[in-house]
Amino acid sequence: CQGPRLRRGGRTDMALRCAASLAAGRQPPRPRLPREGTVRWSSAAKASAVKINEKASREKILTLESMNPQVKAVEYAVRGPIVLKAGEIEKELRKGIKKPFTEVIKANIGDAHAMGQRPITFLRQVVALCTYPNLLDSPSFPEDAKKRARRILQGCGGNSLGSYSASQGINCIREDVASYIERRDGGVPADPDNIYLTTGASDGIATILKILVSGGGKSRTGVMIPIPQYPLYSAAISELDAIQVNYYLDEENCWALDVNELRRSLNEAKAYCNPKVLCIINPGNPTGQVQSRKCIEDVIHFAWEEKLFLLADEVYQDNVYSEGCQFHSFKKILYEMGPEYYNNVELASFHSTSKGYMGECGYRGGYMEVINLHPEIKGQLVKLLSVRLCPPVSGQAAMDIVVNPPIPGEESYSQFIKEKESVLNNLAKKAKLTEDMFNKVPGIHCNPLQGAMYAFPRIFIPSKAIEEAKAHKMAPDMFYCMKLLEETGICVVPGSGFGQREGSYHFRMTILPPVEKLKILLEKVKDFHIKFLEKYA
């Protein structure tokens, strides 16, 4: 029985008290800890404590030097340094620190509901019914929503959205996806067995890339991606230690895809890797172009000729605004080019609940259709998907409503169509507004926003600003965007995060804010840009 050596009563006193307590069958008294400032430490005791502390704080196992170098190489500009800075500014505003603005406008990401877009009523009704089936008895919900909810729940283990699904996804939802693809593509057959439900389109893209990448040295898999690109691709390629092979979109021709540029890129890449994957984003992100039928035919022929696996990112297929533009799926064009192509070109196509008119980013719903896959590889793909068990079942339910919406004659059809058309018409209006306003600003040029939900204007940055950016160890467009954020509260993503031709500068901005707010945002960008040019002229 020991206690600390106190100023009053030493070890002897404590020992005697402990012994007396034990003899009487009582618990020995706990030593009374001194009030702060009453303990006296010797120099030897202090030195001993320091040594113990040094031993306790051993070196960390995981450091920047010891971590996976592929993860360290990953960059994702959409949520990069500029967004972190925006978060810091928001905290300062909440603390009452004065800024030249009252709020941060996050125009960096395509998050529709965060920007004020209202959810589609029917989709939320069905997901609500699936989540809380007791509502199926409520007269507040339409019968067509209840019908879909019952069908989805019957496909779930225990009739509950809380159960795991098959790794490939709920069977009846995959059937609905296949039916949707057939309707969209004018009767081109789709097999539910080729449908894989995913955690957003990103999960499907990363999974397919994972199974495609192999080899070492000059035989390492090369993945051809458009520049500018959506940074998911470069991030996934870095993580997998694959080889990124850039092909440039033609900015002077509304970001068109030129097969001659594909051929140049492929031939150069063959000197240092094995290019075997070609990624297409249609409609484009961040560039907003919509590929013509002729362009898609040329790309498919090129992939067939060069034996490339095609990845078609089609998450913006509902977002087409410009007159004369139309979305054509790669699957449909591939089928119409005849059996020599349709039976041979390996194609994975992707769609999502996050974009379109739905904007349901948080549900993380998506699907991919993979055709002409080797039967043994199909088994390997299912095995790989089974490691993550299954995509979120609520996201699967949301995806089902995207592909199985109300039809004419059903109770919810008129409201559904009204809401869908309202969202898409608003986006078309905002696309034109953004293009027109940017093109009135000296030193800014914006191509037509044919589709998707972003502007990617080219900006002129004076040489003095470029020199100052270098002094701050920043890319010139990062410097520009950081200044824009600090002076106006507007958060956009520098073009260097998406890739661009050397010597050109851009930023990506979403067109999702409500029209009146978007007008204010565009006016602020205009005023900032003019002042920026004056300052650094």
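The name an unreviewed UniProt entry assigns to the chain is alanine transaminase, from the organism Chordeiles acutipennis. According to its UniProt record, the chain has this under Catalytic activity (unreviewed entry): "L-alanine + 2-oxoglutarate = pyruvate + L-glutamate". Annotation of the chain in UniProt includes, under Function (unreviewed entry), the sentence "Catalyzes the reversible transamination between alanine and 2-oxoglutarate to form pyruvate and glutamate."

**Q** Can you explain the pattern of salt bridges? Please cite residues and give values.
**A** On inspection of all chains with the given rule, the structure shows 26 salt bridges. Linking Glu-261 and Arg-264 is a salt bridge whose minimum nitrogen-to-oxygen distance equals 2.6 Å. With a gap of three residues between them, Glu-261 and Arg-264 both fall in helix 10 (residues 259-269), about one helical turn apart. Taken together, the salt bridges that share partners define one network made up of Arg-293, Glu-297, Lys-332 and Glu-336.

**Q** An account of the packing of helix 4 (residues 81-94) against helix 18 (residues 476-488) is needed here, citing residue identities and associated values.
**A** At their nearest, the axes of helix 4 and helix 18 sit 11 Å apart, and the two run at 15° to each other. One way to sum up the angle between helix 4 and helix 18 is to call them roughly parallel. Handedness of the crossing formed by helix 4 with helix 18: right-handed. From helix 4, Pro-81, Ile-82, Lys-85, Ala-86 and Ile-89 reach across to helix 18, where they touch Met-478, Cys-481, Met-482, Leu-485 and Glu-486. Here the contact of helix 4 with helix 18 is composed, by residue class, of eight nonpolar, no polar and two charged.

**Q** Describe in detail the environment of Gly-497, supporting the description with residues and values.
**A** Within the element layout of this structure, Gly-497 appears in the loop between strand 13 (493-494) and strand 14 (507-510). Owing to a relative accessible area of 22%, Gly-497 belongs among the partly exposed residues under this scheme. Once the C-alpha coordinates of Gly-497 and Arg-508 are considered, the two residues, 11 residues apart in sequence, prove to be 9.3 Å apart.

**Q** I'd love a proper account of unusual backbone geometry, names of residues and values included.
**A** Put simply, Ile-227 and Pro-228 share a cis peptide bond, and its omega is 5°. Within the secondary structure, Pro-228 sits in the loop between strand 3 (221-227) and helix 9 (232-239). For the peptide bond that leads from Asn-285 to Pro-286, omega is 20°, which places it in the cis range. Of note, Pro-286 is situated in the loop between strand 5 (274-281) and helix 11 (293-306). For Trp-255, which is not a glycine, the phi torsion comes out positive at approximately 60°. Structurally, Trp-255 can be placed in the loop between strand 4 (243-248) and helix 10. Residue Trp-255 is classed as buried on the basis of its relative accessible area, which comes to 4%.

**Q** Before we move on, could you go through the nonpolar core and cite the residues and values that matter?
**A** Judged by nonpolar contacts, the single largest core of 122 residues is most densely connected at Ile-152, Ile-208, Leu-311, Tyr-367, Phe-438, Phe-507 and Met-509. Shared between two domains, this core holds at least three residues of each, these being domain 1 (69-104 + 414-536) and domain 2 (121-403). Counting 34 residues, the second-largest nonpolar core is a separate cluster that includes Val-188, Leu-262, Val-345 and Val-493.

**Q** Can you explain the packing of aromatic side chains? Please cite residues and give values.
**A** Inspection of the entire model under this criterion finds 14 aromatic pairs. A ring pair is formed by Phe-479 and Tyr-536, whose centres lie 6.0 Å apart and whose planes are at 75°; its orientation type is edge-to-face. Of this pair, Phe-479 sits in helix 18 while Tyr-536 sits in helix 19 (residues 515-536), placing them 57 residues apart in sequence. We classify Phe-479 as buried; its relative accessible area is 3%. Classification of Tyr-536 as buried rests on a relative accessible area of 3%. Ring pairing ties together the aromatic residues Phe-438, Phe-479, Tyr-480, Phe-507, Phe-528, Phe-532 and Tyr-536, which thus form one cluster.

Calculation rules
- Residues numbered from 1 in each chain as written.
- Predicted model: local features only at pLDDT ≥ 70, side-chain atom pairs only at ≥ 80, totals over all residues.
- Heavy atoms only, no water.
- UniProt positions renumbered as here; feature names shortened; annotations may be inferred.
- Salt bridge = Lys/Arg side-chain N within 4 Å of Asp/Glu carboxyl O.
- Helix = DSSP H or I, 4+ residues; strand = E, 2+ residues; numbered from the N terminus.
- Axes fitted to C-alpha atoms, helices over the stretch in contact; angles between N-to-C directions.
- Parallel < 35°, antiparallel > 145°, perpendicular 65-115°, else oblique.
- Left-handed = near helix turned anticlockwise from the far one by under 90°.
- Contact = heavy atoms within 4.5 Å.
- Nonpolar A, V, L, I, M, F, W, Y, C, P; charged D, E, K, R; others polar.
- Buried < 20%, exposed > 50% of the residue type's maximum accessible area, 1.4 Å probe, protein only.
- Core = buried A, V, L, I, M, F, W, Y, C linked by side-chain atoms within 4.5 Å.
- Domains from an automatic or database assignment.
- Phe/Tyr/Trp six-rings, centres within 6.5 Å; stacked < 30°, edge-to-face > 60°.

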